[in-house]
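Architecture and fold: a report
As a plain string of letters, each chain reads:
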Amino acid sequence: MRRAIILFTVSFLLLSGLAACLPSALPAPTLLPPPPTGSPTGAAPATASPAPSAPSATALAGSMTQTAPAAGAAPTISAPAMPVGTTDPISTTQVAGGLAVPWNEWPVYESALRPAAEIQPAGLLPISATLETMNQYHLDVSLPADLSRLDGQASISYTNRSTVTLNSVYLHLFPNLWGDGMTVSDVRVGGQAVPVSLESQASLLKISLPAPLAPRARLQLDMRFSDPIPAGQDMGNYGEFALKDNVLALAGFYPTLVVYDDQGWHLERPSLQGDVLYADASLYDVSLTAPADLTVVATGETRERRDNADGSATWRLTGGPMRDFNIAASADYRKFSRQVGDIVVNSYAVKQDAQGGQDALGWAAAALNTYQTAFGPYPYRELDVVETPTSAGGIEYPGMVVIAAGLYSDPKRRVNFEAATAHEVAHQYWYNVVGDDQLNNPWLDESMAQYSTGLYFGSQYGEASARAYVAQDFQGRWDRVKDISKPIGLPIDAYSEAEYSGIVYGRGPLFLLALEEQIGKDKMSALLQRYYREYAWRIATPAGFQKLAEEVSGQDLNALFSAWVYPPK
C-alpha cells in the first residue's frame, strides 16, 4: 500500500498450481523475479522465537470559550465536554477565533454513506460525539489546462483529541518526501497569521499556535498551497503523484494533519517503501476546477459538476469519514458499472483497456460481496476501481482503489490482476474503516488484506484455489526470505525490500491462519466481525487486536502472538 502492494513487483511463484484451480479462462501469469535483497533501513534487524509451523492450507476457508488566563499567562483555548449517547449528529460548535463549524452540514457527508439501516448495526454511522471531534477539510483546488500544477486553499477544522494541551500543530506535505514540490503560504489560525517552520526536509509543516489548545478544543487552520505536478515520471513511493500516460494521479496533494496519539506527534519520516500515511478518519468537502474534458474520479461522492465559460469545469466532491482523499483523472477513461445491492461499483479504464476494466469490475464486485459476508457492511454508496500507471500492483484509498495499468493488458498476469483487485478492496475494511499506524504496524492492514484475499479465492473458486493461493503467495513469499522468523510486527523501516514482502505479506497472513487454526474458524469469523465493528473509524493496535482475540476465543494467546508478532524482549 502506497501501498500494498508488492502484488505487482513480487509475483506468484510456481503459480501453475493456482492457475489450475481457477477457471481455464485465467491463464497462469508470467513469473516475475523476486525482489532485490538487502539490509533493512532504519531500525536494526530483530528476531523472534521460532514460529510454530504454518497451519495447513485447509485452515483457510456547547460553544468554545477562551478561559481567563492567570496574570501574564497566555489564554488557553478550551471546550466543554462533548455530548455522548445521542445518535443525532447535528449541532453547532464554535471554534477558536469565533468561526462556527456548522455540523448541520453533516448531510453533505452523510449522502456518500449507505442508509443508516444498512450500516448502523455495525457501528459505521458516527454518532454526534464522534462527529464533534472529527477533523474536517474544506479544500478548493484548481488545475490549469496543461495540468502542470495544482493550486489550492485549505480550511481545516482540527480538534485536540488528546488529554494534553498543544502549543503547535503539524501537517504532512507529502509531495516533498520525494522532491521539492509543495509550498504553503498565508497560514492562519482563527484568522490570525501565525509563525510556521519546515522540518524533515520540508515534508512537515509546524504551525505555532497563538494560544495553547486545550484537550477537546477545536481551532481553524487556513492556508494556501501549491504543487507542481511532475509529468511523465513516477513521483512517490509507487508513482502515486504524477501525470503519466495521460492519467493524472493526485494522492497526497493537500496539507494533511499529522496524528497526535498517546505517543505524541508522529513526526517520523516515512520509508521509501510501503505506506506513508497514518491518519485519523476525517470529513472532506473538496471543490476541484480542472479542464472540462477530464473524467474525474475521487474518494467520496461527486455531488455536482458545473461547466465554466473558460473551458474548465468545477466538481464538488464530498465524503467521510475517510482516512485520506485522492483524485485520479483522465480524458481517456471509460466507465463500467455494476450494482451490488444498494452499492454502485464503478470501474474506470483507458479506452484500449476496456476488457480489463470490465474484468476489474467483476472481481471488485465479487470481493465486495465476499467481504460484506465475512466482516460486515461496506460503508459507502460507491466503490471505484481505477486504472493508473502506478508501479505498485494496486493502492487503496477510501471508497476507491487504483490498479496498475500494466496488469490490464497482459493476459499472462490475470491472476495477479485479480489478486491485486481483491487485496485492495479488502483495504476498505483494514486501513480505512479500521485504521492503524501503517508506518509502525503495517501488518495490521497488509497482512489482514492478504488473509482476506485468501478468503476471496476460496469463496470464488473453492477450497483447492484457497490452498494454492496460500501455498504459492503466502508461503512462497516467506520462502523467498528463507522462512526467517523475523516478527511481523515491526516498522516498515525494519525490513529490507525483500523482507517487507516476505514477512508482512507472507508470514503475516500465515500468522492469521495460525490464529484461525488455534481458535477455530467460527471464532475467527466472530473476531473479525467484532474487530470491524468495535474499531470502526478508530485506530487499532496489535495489543488491542490480541485483547479482542482473547476475549472472543476465551484463550490466552500470548505465546502465539509472541512467536509471530512481537520482537523479543
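This text gives an overview of the structure that appears in the document.

Quick notes on the rules
The residue numbering used here restarts from 1 in each chain and proceeds along that chain's sequence as written. This being a predicted model, a pLDDT of at least 70 is required before a residue's local features are given, and a value of 80 or more before pairs of side-chain atoms are given or counted; all residues contribute to the totals for chains, interfaces and linings. Side-chain numbers here rest on the full set of heavy atoms in the structure, without hydrogens or water. Think of a 1 Å grid over the protein atoms and nothing else: a 1.4 Å probe that fits but is trapped marks a cavity, an open set flanked by protein within 12 Å on at least five of seven lines marks a pocket, and residues with an atom within 4 Å of a point count as lining. Grid points are joined across faces, edges and corners, and a volume is the space filled by probe spheres set on the points. Think of it this way: any DSSP run of H or I at least four residues long counts as a helix, any run of E at least two long counts as a strand, and we number them from the N terminus. Residue polarity is assigned by list, with Asp, Glu, Lys and Arg as charged and Ala, Val, Leu, Ile, Met, Phe, Trp, Tyr, Cys and Pro as nonpolar; anything else, Gly included, falls into the polar class. Take a side-chain nitrogen of Lys or Arg and a carboxyl oxygen of Asp or Glu: if they are within 4 Å of each other, that pair is a salt bridge. Accessibility here uses a 1.4 Å probe with only protein chains present; expressed as a share of the type maximum, an area under 20% marks a residue as buried, one over 50% as exposed, and anything in between as partly exposed. Aromatic pairing here means that ring centres of Phe, Tyr or Trp (its six-membered ring) are within 6.5 Å. Orientation follows from the plane angle: under 30 degrees is stacked, over 60 is edge-to-face, and everything else is tilted. Criterion for a charge above a ring: Lys NZ or Arg CZ within 6 Å of the ring centre, and within 35 degrees of the ring normal. Should DSSP find at least two bridges between two strands, the strands are taken to pair. Every angle, taken between N-to-C directions, lies between 0 and 180 degrees, and every axis is a line fitted to C-alpha atoms, over only the stretch in contact when it is a helix. Buried residues of nine kinds, namely Ala, Val, Leu, Ile, Met, Phe, Trp, Tyr and Cys, make up a nonpolar core once their side-chain atoms join them within 4.5 Å. In this analysis, two residues are considered to be in contact whenever any of their non-hydrogen atoms come within 4.5 Å of each other. Every helix has an expected span of 1.5 Å times one less than the residues it contains. Here the angle decides the label: under 35 degrees means roughly parallel, over 145 means roughly antiparallel, 65 to 115 means roughly perpendicular, and every other value means oblique.

1. Some points on empty space enclosed by the protein
- Taken as a whole, the second largest cavity holds about 60 Å³ of empty space.
- Residue lining of the second largest cavity: Asn135, Tyr137, Tyr158, Thr256, Leu257, Val258, Val259, Ala279, Asp280, Ser282, Tyr284 and Arg323, and that is the complete set.
- Of all the elements in the fold, those that place two or more residues in the lining of the second largest cavity are strand S5 (135-142), strand S15 (256-257) and strand S18 (282-291).
- Classifying every residue of the lining of the second largest cavity gives seven nonpolar, three polar and two charged.

2. Some thoughts on the pattern of salt bridges
- Tallied over the full model, the rule gives 16 salt bridges.
- As a salt-bridge pair, Arg305 and Asp307 come within 2.7 Å of each other at their nearest N and O atoms.
- The class for Asp307 is exposed, based on a relative accessible area of 53%.
- Put simply, Asp359 and Arg414 hold a salt bridge, and the shortest N to O gap is 2.7 Å. Taken as a pair, Asp359 in helix H6 (residues 354-374) and Arg414 in helix H8 (residues 414-426) lie far apart in primary sequence, 55 residues in all. When sorted by exposure, Asp359 lands in the same class as Arg414, which is buried.
- Members of the salt-bridge network, linked through shared partners, are Arg530, Glu534, Lys547 and Glu551.

3. Details of the packing of aromatic side chains
- By the definition in use, this model includes 35 aromatic pairs.
- Note on Tyr137 and Tyr254: the rings are 5.4 Å apart at their centroids and 75° apart in plane angle, and the pair reads as edge-to-face. With Tyr137 in strand S5 and Tyr254 in the loop between strand S14 (247-250) and S15, this residue pair connects regions lying 117 residues apart in the sequence.
- Ring centres of Tyr371 and Tyr429 lie 6.2 Å apart, and the angle between their planes is 75°; on these two criteria the pair is classed as edge-to-face. In this pair, Tyr371 sits in helix H6 while Tyr429 sits in the loop between H8 and strand S28 (435-436), placing the two residues 58 residues apart along the sequence.
- On the accessibility criterion, Tyr429 (0% relative accessible area) is buried.
- In this structure, Arg538 is placed above the aromatic ring of Tyr535, and the distance from its NZ or CZ to the ring centre is 4.6 Å.

4. Section: the sheet that holds S14
- With antiparallel pairing, four strands are arranged side by side in an open sheet as S13-S14-S22-S19. With partners counted over all chains shown, the strands left at the sheet margins are strand S13 (241-244) and strand S19 (295-298), one partner each. Across this sheet, the average inter-strand angle for adjacent strands is 10°, counted without regard to direction.

5. Digging into the layout of surface pockets
- The computed volume of the largest pocket comes to approximately 780 Å³.
- Taken together, 31 residues form the lining of the largest pocket, with Asp261, Tyr278, Asp280, Arg538 and Ile539 sitting closest to its centre.

6. Side note on the nonpolar core
- If you look at the biggest cluster of nonpolar residues, it comprises 149 residues, and the most contacted ones within it are Ile207, Phe253, Phe325, Tyr531 and Phe545.
- Counting residues per element, this core draws most heavily on helix H11 (residues 497-519), which supplies 12 residues.
- With 14 residues, the next largest nonpolar core counts Val247, Ala251, Ala328 and Val402 among its residues.

7. Points about the environment of Phe336
- Residue position: Phe336 is located in strand S23 (residues 333-340).
- Leave out the neighbours within four places in its chain, and Phe336 touches Val345, Asn346, Ser347, Ala354, Gly357, Gln358 and Leu361.

8. Here's the deal with the pairing of strand S6 (residues 149-159)
- Most of S6 is tucked away, with eight of its 11 residues classed as buried.
- In this sheet, S6 lies alongside S5 in antiparallel orientation, the contact comprising seven bridges. Bridge assignment links Leu139 to a residue of S6, and that residue is Ala154.
- Connecting the antiparallel pair S5 and S6 is a turn made up of six residues, with Leu147 showing a positive phi of about 55°.
- Relative to strand S12 (residues 218-228), S6 runs antiparallel, the two being bridged by 11 bridges. Looking at the pairing, Ser155 lines up with Asp222 of S12.

9. Regarding unusual backbone geometry
- Omega for the peptide link from Gly320 to Pro321 comes to -5°, which places this bond in the cis form.
- Among the secondary structure elements, Pro321 is positioned in strand S21 (residues 312-322).
- Even without a glycine there, the phi angle at Asp186 is positive, about 50°.
- Within the secondary structure, Asp186 is located in strand S8 (residues 183-189).
- For Ser200, which is not glycine, the phi torsion reads 50° and is therefore positive.
- Note on placement: Ser200 falls in the loop between strand S10 (196-199) and strand S11 (204-213).

10. Here's the deal with helix H13 (residues 542-553)
- Taking 1.5 Å of rise per residue, the 12 residues of H13 would be expected to cover 16 Å, and the 16 Å separating its terminal C-alpha atoms lies within 8% of that figure.
- Buried within H13 are the following residues: Pro542, Gly544, Phe545, Gln546, Leu548, Ala549, Val552 and Ser553.
- If you follow the buried residues of H13, they end up packed against helix H9 (443-461), H11, helix H12 (521-534) and helix H14 (558-564).

11. What about the packing of H11 against H12?
- Relative orientation of the contacting elements H11 and H12 amounts to 120°, with a least axis distance of 6 Å. As summarised for this structure, H11 and H12 are arranged oblique, according to the angle between their axes. Side by side, H11 and H12 meet where Leu512, Leu515, Glu516 and Ile519 of the first sit next to Lys521, Lys523, Met524 and Leu527 of the second.
- Here the contact of H11 with H12 is built from residues that sort into five nonpolar, no polar and three charged.

12. Examining the sheet that holds strand S25 (residues 382-388)
- Taking strand neighbours across the sheet as the criterion, the five strands line up as S23-S24-S25-S27-S26 in an open arrangement whose pairing is mixed. Only two strands of the sheet have a single neighbouring strand rather than two, namely S23 and strand S26 (394-397). With strand direction ignored, the average angle separating the axes of adjacent strands in the sheet is 15°.
- Sheet topology note: the strand S24 (residues 343-350)/S25 ladder contains five bridges and is parallel. Residue Val345 lies in a different strand from S25, and its bridge partner there is Leu383.

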